[in-house]
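# Summary of structural features
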Number of protein chains: 2
Amino acid sequence: MLQTADKPTSKREGLRRETLALILATAERIFAEHGFKGATMQAIADEAKLPKANLHYYFPTKQALYRQVVERIFNIWLDAAESFDTEASPEDALGTYIRKKMEISRSHPYGSKVWANEVIHGAPIIHDYLETTLTEWTESRIEVIERWMAEGLIDAVDPRHLLYMIWSTTQHYADFSHQITTLNGGVPFDDAQWAQATECVTNIILKGIGVRRGVPS
Amino acid sequence: MLQTADKPTSKREGLRRETLALILATAERIFAEHGFKGATMQAIADEAKLPKANLHYYFPTKQALYRQVVERIFNIWLDAAESFDTEASPEDALGTYIRKKMEISRSHPYGSKVWANEVIHGAPIIHDYLETTLTEWTESRIEVIERWMAEGLIDAVDPRHLLYMIWSTTQHYADFSHQITTLNGGVPFDDAQWAQATECVTNIILKGIGVRRGVPS
DNA sequence: AATTCTTTTGACCAACTGGTCAGGTTGACG
DNA sequence: CGTCAACCTGACCAGTTGGTCAAAAGAATT
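Turning our eyes to something else, we now look at the relation of the copies chain B and chain A. The transformation that overlays chain B on chain A combines an axial shift of 0.0 Å with a rotation of 180 degrees, and the residual RMSD is 0.1 Å. Taken together, the turn and the small shift mark the pair as related by a two-fold rotation axis. For chain B, the minimum C-alpha distance to the rotation axis belongs to Gly-208 of chain B and amounts to 1.8 Å. Interface residue correspondence from chain B to chain A reaches 100%, placing this contact among same-surface, isologous pairings.

Charged atoms that come close allow side chains of opposite charge to pair. Scanning the entire structure with this criterion turns up 16 salt bridges over all chains. With its nearest N and O atoms 2.5 Å apart, the salt bridge here joins Asp-155 of chain A to Lys-207 of chain B. Of this pair, Asp-155 of chain A sits in the loop between α7 (127–150) and α8 (159–175) while Lys-207 of chain B sits in helix α10 (residues 191–208), which puts the two residues in different chains. On the basis of relative accessibility, which here comes to 35%, the residue Lys-207 of chain B falls in the partly exposed class. The salt bridge involving Arg-29 of chain B is made with Glu-33 of chain B; its shortest N-O contact spans 3.9 Å. Within this pair, Arg-29 of chain B and its partner Glu-33 of chain B are both found in helix α1 (residues 11–38), separated by 4 residues, close to a single helical turn. For Glu-33 of chain B, a relative accessible area of 32% puts it in the partly exposed group. Salt bridges here are not isolated pairs; linked through shared partners, they connect Arg-29, Glu-33 and Glu-47 of chain A.

The next point concerns the interface of chain B and chain A. Contact with chain B, which involves 52 residues of that partner, is made by 52 residues of chain A. Taken together, the connections running from chain B to chain A amount to 2 salt bridges. Looking at the side of chain B that touches chain A, the elements with two or more residues in it are α1, α6 (109–120), α7 (127–150), α8 (159–175), α9 (177–183) and α10 of chain B. Per-element accounting of the side of chain B that touches chain A gives the leading share, 11 residues, to α8 of chain B. For the side of chain B that touches chain A, a count of residues per class yields 23 nonpolar, 20 polar and 9 charged.

Another aspect to go through is the protein's contact with DNA strand C. DNA strand C sits among 19 residues. The nearest are Arg-16, Ala-53 and Tyr-57 of chain A together with Lys-52 and Lys-62 of chain B. Here DNA strand C approaches the protein such that, of its atoms within 4 Å, sugar and phosphate make up 56%. Contacts to DNA strand C include Met-41 of chain B, whose backbone N or O atom sits 3.0 Å from a phosphate oxygen. Taking Lys-62 of chain B, its main chain carries an N or O atom lying 2.6 Å from a phosphate oxygen of DNA strand C. Broken down by element, the surface near DNA strand C gets its largest block of residues, 4 residues, from helix α3 (residues 52–58) of chain A. Looking at the surface near DNA strand C residue by residue, the classes come out as 7 nonpolar, 5 polar and 7 charged.

Next up on the list: the packing of aromatic side chains. For the structure shown, the criterion picks out 36 aromatic pairs over all chains. Directly above the aromatic system of Phe-36 of chain A lies the positively charged group of Lys-62 of chain A, at a separation of 4.7 Å from the ring centroid.

Moving on, we come to the nonpolar core. Counting residues in hydrophobic clusters, the biggest one holds 134 residues, and the most contacted among them are Leu-65 of chain A together with Leu-65 of chain B. Three or more residues apiece are contributed to this core by two domains, here domain 1 (12–60) and domain 2 (68–208) of chain B. Dropping the residues within four chain positions of it, Leu-65 of chain A is found in contact with Ile-23, Leu-24, Ala-27, Phe-31, Met-41, Ile-44 and Phe-59 of chain A.

Quick look at helix α4 (residues 62–82) of chain A now. Here α4 of chain A is 21 residues long and its end C-alpha atoms lie 31 Å apart, about the 30 Å a rise of 1.5 Å per residue gives. On its buried face, α4 of chain A is in contact with α1 (11–38), α2 (41–48), α5 (90–107), α6 (109–120), α7 and α8 of chain A.

Here the focus is the protein's contact with DNA strand D. Surveying the vicinity of DNA strand D reveals 19 residues, the closest of which are Arg-12, Lys-52 and Lys-62 of chain A together with Tyr-57 and Tyr-58 of chain B. For DNA strand D, the backbone makes up 54% of the atoms found within 4 Å of the protein, where backbone means sugar plus phosphate. Within the backbone of Ala-39 of chain A, a nitrogen or oxygen atom sits 3.3 Å from a phosphate oxygen of DNA strand D. Between DNA strand D and Tyr-57 of chain B there is a distance of 2.6 Å, counted from a phosphate oxygen to a side-chain nitrogen or oxygen. Those elements that provide at least two residues to the surface near DNA strand D are α1 and α3 of chain A together with α1 and α3 (52–58) of chain B. In terms of residues, the surface near DNA strand D owes the most to one element, α3 of chain B, which gives 4 residues. Among the residues forming the surface near DNA strand D, the class breakdown is 7 nonpolar, 5 polar and 7 charged.

So, on to the layout of surface pockets. Of the volumes computed, that of the largest pocket is approximately 630 Å³. The residue inventory of the lining of the largest pocket, partitioned by class, reads 12 nonpolar, 12 polar and 6 charged. Residues from two domains meet in the lining of the largest pocket; each of domain 1 (12–60) and domain 2 (68–208) of chain B gives at least three. Reported here for the second largest pocket is a volume of approximately 310 Å³. For the second largest pocket, the lining is made up of 19 residues, of which Lys-113, Ala-174, Ser-177, His-178 and Thr-181 of chain A are closest to its centre.

Rules of the game
Residues numbered from 1 in each chain as written. Chains lettered and ligands numbered in written order. Predicted model: local features only at pLDDT ≥ 70, side-chain atom pairs only at ≥ 80, totals over all residues. Heavy atoms only, no water. Least-squares fit on C-alpha atoms with pLDDT ≥ 70 in both. Contact = heavy atoms within 4.5 Å. Salt bridge = Lys/Arg side-chain N within 4 Å of Asp/Glu carboxyl O. Helix = DSSP H or I, 4+ residues; strand = E, 2+ residues; numbered from the N terminus. Buried < 20%, exposed > 50% of the residue type's maximum accessible area, 1.4 Å probe, protein only. Nonpolar A, V, L, I, M, F, W, Y, C, P; charged D, E, K, R; others polar. Near = heavy atom within 4 Å. Polar contact = N/O pair within 3.5 Å; in protein donor to acceptor, adjacent residues only side chain to side chain. Phe/Tyr/Trp six-rings, centres within 6.5 Å; stacked < 30°, edge-to-face > 60°. Lys NZ or Arg CZ within 6 Å of the ring centre and 35° of its normal. Core = buried A, V, L, I, M, F, W, Y, C linked by side-chain atoms within 4.5 Å. Domains from an automatic or database assignment. Expected span 1.5 Å × (residues − 1). 1 Å grid on protein atoms, 1.4 Å probe; cavity = no way out; pocket = protein on both sides within 12 Å on 5 of 7 lines; lining within 4 Å. Points joined across faces, edges and corners; volume = space filled by probe spheres on them.

The following block contains the structure:
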């Protein structure tokens with residue numbers, strides 16, 4: 001583990017990092033559970049076992065805290081987006097991407113919910129991301145998908161709708177987890193169920209767009 | 001149009017009905033745009049051009065108003081659920097159901113958003129619906145889908161995941177309309193785009209589960 | 001040990017919001 | 001026309017909440 005030589009992580013800096021992480025993680029959960037307006041600084045402070053004034057020391061306003069939470073989530077989304085390999089075969093590129101998104105739904109359910117909330121309410125905070133990064137990424141992948149279509153590797157489908165289907169289906173398992181748990185007898189998915197869900201979603205989508213599968217490279 | 005004979009809709013009754021409808025429609029929009037906590041009675045009153053106290057005359061509390069909004073939405077959902085004909089072929093039953101759900105996403109975007117919001121936040125109000133009506137309906141349709149599988153009309157897939165996919169994909173067009181509009185150049189879908197989206201979603205899902213299509217009955 | 005900078009915290013405040021209420025208005029009905 | 005019940009509404013109130021602040025506590029540096 002290298003460390004920037006002139007910054008040997010003082011006790012202060014370490015604590016600061018820890019506190020920041022604690023606040024952000026707690027805020028993410030509370031925002032996910034109650035929405036932006038429904039979440040109170042007091043509730044976040046209580047859950048993090050910090051005095052409310054301490055939160056305002058690190059984040060001047062509720063909006064600033066919220067914004068950081070959303071930015072963290074966007075980076076996770078970007079990470080998954082990277083796994084959509086434009087060089088790979090449709091099966092590999094889409095399969096990997098879908099699996100990655102399912103993993104995120106499992107590992108970051110709160111983040112996903114915050115993101116969903118934000119978009120449902122008209123994306124007042126993240127509108128710029130949608131117009132810049134998301135639009136660019138989407139267009140680059142549309143090109144790839146259209147190339148696959150031209151090469152006869154998949155059926156002719158509107159790439160946008162394919163992407164929407166992947167987004168909605170995978171995120172559904174995080175955003176609507178309460179509904180899914182209820183229909184699962186009140187018990188959250190276990191490992192096997194997550195694996196099965198991932199496989200099932202991947203299979204239906206890939207088959208649905210006529211991907212030739214299992215073709216050795 | 002028949003009318004209950006002994007109730008010739010007095011001026012008062014008519015106005016009452018109109019006011020109730022106005023409040024509910026306005027509330028649905030405001031709740032969709034700001035969430036339960038973010039929506040204020042004052043905002044709903046202003047949008048409906050009524051004094052706030054008048055809202056409280058018709059609905060004693062904010063919760064009561066919200067509950068009615070959610071119940072209305074649930075009835076629309078039930079209406080679509082009915083269109084899942086257990087007697088029809090997989091292609092007809094699922095195709096009709098998907099199309100109906102897409103229509104609802106277009107005609108009731110606010111309702112869909114309120115519902116999504118509610119489920120994301122743990123369904124504090126509608127939990128009973130999920131456990132009773134939704135569970136029963138889901139199980140009845142799972143049986144039908146399993147019958148189709150046994151008869152070789154569709155591939156072997158977990159019926160639950162198929163239903164989740166239909167729900168998430170169709171509702172995505174309502175709940176995430178802001179994202180979709182942004183990726184559509186800032187312009188909402190027109191008639192042709194809605195038709196194309198519906199066709200595309202239907203095709204991918206039906207093909208994805210190996211439905212034999214266009215088979216004459 | 002003294003000094004300086006960062007961090008922590010309880011007490012406080014102004015703005016907002018759900019809900020109330022008393023009094024006024026309007027339609028129904030004899 | 002008079003009476004009554006349903007309906008409407010401005011003014012008000014109590015509880016909540018985001019944010020402030022001054023003072024205390026703690027770390028870093030000399």
